[in-house]
Amino acid sequence: MIREWQVNAAIMALLLAVPLWALVADEPFTITLTTRAVILALAAVGLNIALGLGGLVSLGHAAFFGIGGYAMGILAHHAQTYTPVMEWPFLIEGTKSMPLIWVTAIVTSALAALLIGLLSLRTTGVYFIMITLAFGQMFFYFAISWPAYGGEDGLSIYLRNDFPRLNTLRPMPFFVICYVILALALLVSWRIAKSSFGLALAAARQNEVRVRTVGIDPYRLRLFAFVISGAITGLAGALFADLNRFVSPTMFSWQMSGEFIVFIILGGVGRLFGPVVGACLFVILEHWLGGVSDYWLIFLGAILLLVVLFARGGLIGGLAGREVAHD
Amino acid sequence: MSALLFIEQLLNGLQFGVMLFLMSAGLTLIFGVMGLINLAHGSIYMIGAFAAAAVAGATGSFVLGLGAALAAAAAAGALVELTVIRRLYDRDHLDQVLATFALILIFSEGTRWLFGSFPLFLDVPDALRGPAELPFGIVYPRYRLAIILIGLVVAAGLFALIAKTRIGVRIRAGEADREMIGALGVDISKLYTLVFALGAALAGFAGAMVGAIQSVEVGMGEPVLILAFVVIVIGGIGSIRGAFVASILVGLTDTLGRFLLPILFGTFLDASGANIVGTALASMAIYILMAAVLIFRPTGLFGAAT
């Protein structure tokens with residue numbers, strides 16, 4: 001049987017090899033497609049910290065994805081129209097600089113996660129699922145009914161934002177940026193899982209009473225995990241908006257939240273690389289089945305149903321075997 | 001603002017609330033008895049609306065359409081319970097969310113494949129067309145008034161079913177202690193199928209009724225499903241009474257918020273600004289209501305304290 005780390009290394013290598021091949025073969029669309037998979041994977045890696053590690057089934061992570069997207073959209077929109085974001089109480093100018101946009105996306109989505117987490121983590125189980133879904137929907141309707149940034153139509157950004165010393169207009173440099181960020185996020189996610197914080201978080205998922213008994217407050221652990229999780233998904237949102245050079249309320253839609261969970265499950269619950277495999281599989285299916293039939297989501301639904309009912313380990317589980325700790 | 005306009009909005013809110021109750025009653029029953037979170041409930045609502053629109057369009061009879069909606073929704077509910085949902089009772093909520101999410105994809109795309117992407121239209125029956133004159137000079141569309149009345153009757157019937165009949169006793173017993181009533185000789189799996197079909201029929205009925213005032217289209221179920229979740233969270237999971245109170249509360253908050261907030265902001269902002277801020281805030285009003293309830297009662301208004 002193959003070891004899990006070998007599978008993971010193969011995935012990272014493959015993810016780099018495909019766009020490199022596409023660069024040589026002059027197939028820029030394949031690079032864009034891989035970039036899309038990498039960004040969606042990043043969003044799901046964020047969710048996996050809350051879901052896989054903390055056992056918090058959030059059906060509202062599209063809120064953070066959308067906030068990240070709009071952070072990019074709003075800043076770049078003001079930069080391209082040469083208007084300030086706000087003048088009072090202090091002046092904030094728009095920007096086309098990716099690092100600045102990322103910081104904004106991370107900070108705003110972490111703040112939103114803090115607010116949503118403070119309220120929804122007071123509850124558990126089904127309540128938590130429904131409440132995160134409802135808060136996600138709140139942002140969706142707000143984005144639709146707020147006309148300043150395009151309302152239902154969304155915002156178009158004419159040129160991709162800048163990164164120092166890289167030509168982000170070409171697909172390959174942008175892919176490399178996203179790939180490096182994904183690798184960093186996986187590293188963070190792995191470090192968290194191995195840290196005392198991560199161990200306590202996993203323990204709180206498995207047996208809350210015992211964790212309380214040894215004097216750890218699960219609420220604070222979960223809140224912290226939820227904030228980190230939201231921040232990573234928010235960063236993914238900013239990159240996703242940059243990839244499409246477009247943001248719209250669909251980034252907030254609850255289907256988006258559902259798809260993030262689907263990535264994690266298709267790849268394998270409780271696996272570090274589960275979200276990555278799942279997102280790649282999703283993009284491949286979307287591209288391949290979408291070409292076969294307009295109704296490709298039926299097939300996705302059927303595959304998902306079969307995986308949930310009969311193949312709990314997901315794809316990595318099938319490759320690397322050996323059940324991981326998951327309740 | 002005239003009092004008549006306000007009363008009309010009040011009735012609109014009531015009508016919205018009553019329809020929300022039909023959706024959330026099924027959801028909360030299914031959760032209370034089987035411990036299952038069912039995202040596909042919105043798809044059943046859509047199936048009801050499509051069945052009604054298709055049959056009413058073919059036969060010209062609204063009543064036949066309504067019957068078809070009930071039958072199609074109950075049948076779809078029973079079928080889904082027997083094939084998929086049954087395997088999910090012992091699973092964790094994550095699996096339930098995913099499997100029912102998969103069902104949404106299958107139902108939505110299946111309906112799009114059958115009926116196409118264009119919305120269908122369901123006509124209001126002739127007898128209920130036009131306005132009704134109420135006391136004090138209130139004029140209100142007859143069909144919406146009928147929705148309120150029929151909805152209240154169905155709600156009363158549901159309460160009676162749960163409180164007075166043998167099936168109701170079993171449903172309540174199922175909520176209290178599943179294994180015990182199984183041990184007492186009640187066929188649990190049959191009861192589960194029945195509860196699921198009952199909840200589905202209510203959702204299908206709501207879909208058909210609302211289908212006559214909105215367009216019948218793929219994806220119409222999910223916004224209502226999410227509102228029903230808000231209702232259940234506010235009312236307390238598993239509580240029919242809570243679902244009823246919360247439905248009316250959410251219906252009124254949403255409708256009156258959209259009506260009153262722009263007017264309220266109009267008193268100190270210019271017209272267009274007031275409209276923008278008011279509408280944006282109104283779209284968030286019910287979620288703010290939900291957050292407020294959660295702060296004071298994390299298990300909902302009528303939920304059992306844990």
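Computed from a predicted model, the values in this text were never measured in an experiment. (Residues numbered from 1 in each chain as written. Chains lettered and ligands numbered in written order. Predicted model: local features only at pLDDT ≥ 70, side-chain atom pairs only at ≥ 80, totals over all residues. Heavy atoms only, no water.)

A few words now on the overall build of chain A. Counting secondary structure elements, chain A contains 13 helices and four strands. Rg of the C-alpha trace for chain A: 20 Å, near the compact-globule value of 20 Å for 327 residues, within the 12% margin. For chain A, the C-alpha atoms occupy an extent of roughly 55 × 50 × 40 Å along the three principal directions. Expressed as a percentage of the 327 residues in chain A, the buried residues total 57%. The long-range share in chain A, meaning contacts at least 24 apart out of those at least 6 apart in sequence, stands at 78%. Within the structure as shown, chain A displays about 14,000 Å² of accessible surface, and the carbon and sulfur contribution to it stands at 67%. Measuring between centres, the 18 positive side-chain charges of chain A sit 13 Å from its 16 negative side-chain charges. (Helix = DSSP H or I, 4+ residues; strand = E, 2+ residues; numbered from the N terminus. Rg over C-alpha atoms; globule rule 2.2 N^0.38 Å. Buried < 20%, exposed > 50% of the residue type's maximum accessible area, 1.4 Å probe, protein only. Contact = heavy atoms within 4.5 Å. Areas by Shrake-Rupley, 256 points an atom, 1.4 Å probe, with all protein chains shown as cover. Lys, Arg positive; Asp, Glu negative; His and termini not counted. Charge placed at Lys NZ, Arg CZ, Asp CG, Glu CD.)

This part takes up the pairing of strand β1 (residues 131–134) of chain B. Pairing of β1(B) with strand β2 (residues 138–141) of chain B, which is carried by four bridges, proceeds in the antiparallel orientation. Its bridge partner lying in β2(B), Ala132(B) is registered against Tyr140(B). (Pairing = 2+ DSSP bridges.)

With that settled, the discussion passes to the side chain of Thr233(A). Residues and elements named next belong to chain A. Structurally, Thr233 can be placed in helix α9 (residues 218–244). Here Thr233 falls in the buried class, since its relative accessible area comes to 0%. Beyond its immediate chain neighbours, meaning those up to four positions away, Thr233 contacts Ala43, Gly46, Leu47, His61, Phe64, Phe65 and Phe260.

A common measure of how large an interface is: the accessible area buried when the components associate. The partner chain B presents 47 residues to the 44 residues of chain A that form the contact. For the pair chain A and chain B, the summed buried area comes to about 4,200 Å², and 83% of that belongs to carbon and sulfur atoms. Inspection of the chain A/chain B interface yields zero salt bridges. Along the contact surface separating chain A from chain B lie six residue pairs in polar contact (both at pLDDT 80 or more). Residue assignment for the side of chain A that touches chain B shows that the elements contributing at least two residues are α5 (125–145), α10 (254–267) and α12 (296–310) of chain A. Of the residues forming the side of chain A that touches chain B, the biggest block, 14 residues, is contributed by α5(A). Grouping the amino acids of the side of chain A that touches chain B by side-chain chemistry returns 31 nonpolar, eight polar and five charged. (Buried area = accessible area lost by both parts, 1.4 Å probe. Salt bridge = Lys/Arg side-chain N within 4 Å of Asp/Glu carboxyl O. Polar contact = N/O pair within 3.5 Å; in protein donor to acceptor, adjacent residues only side chain to side chain. Nonpolar A, V, L, I, M, F, W, Y, C, P; charged D, E, K, R; others polar.)

Let us now look at the confidence of the model for chain A. Residues with a pLDDT of 70 or more make up 97% of chain A, whose mean pLDDT is 89. Within chain A, the element-level pLDDT minimum falls on helix α13 (residues 314–320) of chain A, averaging 72, and the maximum on α9(A), averaging 95. (pLDDT = per-residue confidence, 0-100.)

This brings us to the pattern of salt bridges. In total, this model carries seven salt bridges over all chains according to the counting rule given. A salt bridge links Glu109(B) to Arg112(B); the nearest nitrogen and oxygen atoms lie 3.2 Å apart. Separated by three residues within a single helix, Glu109(B) and Arg112(B) lie in helix α4 (residues 93–115), roughly one turn from each other. One salt-bridge network, in which partners are shared between bridges, spans Glu208(A), Arg212(A) and Arg222(A).

Let us look at the packing of helix α2 (residues 41–59) of chain B against helix α8 (residues 188–211) of chain B. Residue and element names in this part refer to chain B. Viewed as axis vectors pointing N to C, α2 and α8 meet at an angle of 50 degrees, and their least axial separation amounts to 7 Å. The angle between the axes of α2 and α8 places the two elements in the oblique class. Helix-helix and strand crossings are classified by hand; for α2 and α8 the assignment is right-handed. Facing His41, Ile44, Tyr45, Gly48, Ala49 and Ala52 of α2, the residues of α8 in contact are Gly199, Ala200, Ala203, Gly204, Ala206, Gly207, Ala208 and Val210. Each residue belonging to the contact of α2 with α8 can be placed in one class, and the counts come to nine nonpolar, five polar and no charged. (Axes fitted to C-alpha atoms, helices over the stretch in contact; angles between N-to-C directions. Parallel < 35°, antiparallel > 145°, perpendicular 65-115°, else oblique. Left-handed = near helix turned anticlockwise from the far one by under 90°.)

On the surface, Val103(A), Val107(A), Leu111(A), Leu114(A), Leu115(A) and Leu118(A) cluster together to form a nonpolar patch covering roughly 530 Å² of accessible area. Of note, Val103(A) is situated in helix α4 (residues 98–120). (Patch = residues over 30% accessible without salt bridge, like charges linked within 9 Å, V, L, I, M, F, W, Y side chains within 5 Å.)

This paragraph deals with helix α3 (residues 62–83) of chain B. Residues and elements named next belong to chain B. Over its 22 residues, α3 extends 31 Å from the first C-alpha to the last, a length consistent with the 32 Å expected when each residue adds 1.5 Å. Where α3 is concerned, the buried positions are Phe62, Gly65, Leu66, Ala68, Ala69, Ala73, Ala76, Gly77, Ala78, Val80 and Glu81. As for α3, its buried residues are in contact with α2, α4, α5 (142–164) and α8. Where α3 starts, the residue carrying a side-chain oxygen 3.4 Å from the main-chain nitrogen of Val63 turns out to be Ser61. (Expected span 1.5 Å × (residues − 1).)

Moving on, we come to the packing of aromatic side chains. Residues and elements named next belong to chain A. Inspection of every chain in the model, using the stated rule, returns 22 aromatic pairs over all chains. Ring centres of Phe140 and Tyr141 lie 5.3 Å apart, and the angle between their planes is 65 degrees; on these two criteria the pair is classed as edge-to-face. The class for Phe140 is buried, based on a relative accessible area of 16%. By relative accessible area, which is 25% here, Tyr141 ends up partly exposed. Their ring planes at 75 degrees and their centres at 5.1 Å tell us that Phe197 and Phe224 sit as a pair that is edge-to-face. (Phe/Tyr/Trp six-rings, centres within 6.5 Å; stacked < 30°, edge-to-face > 60°.)

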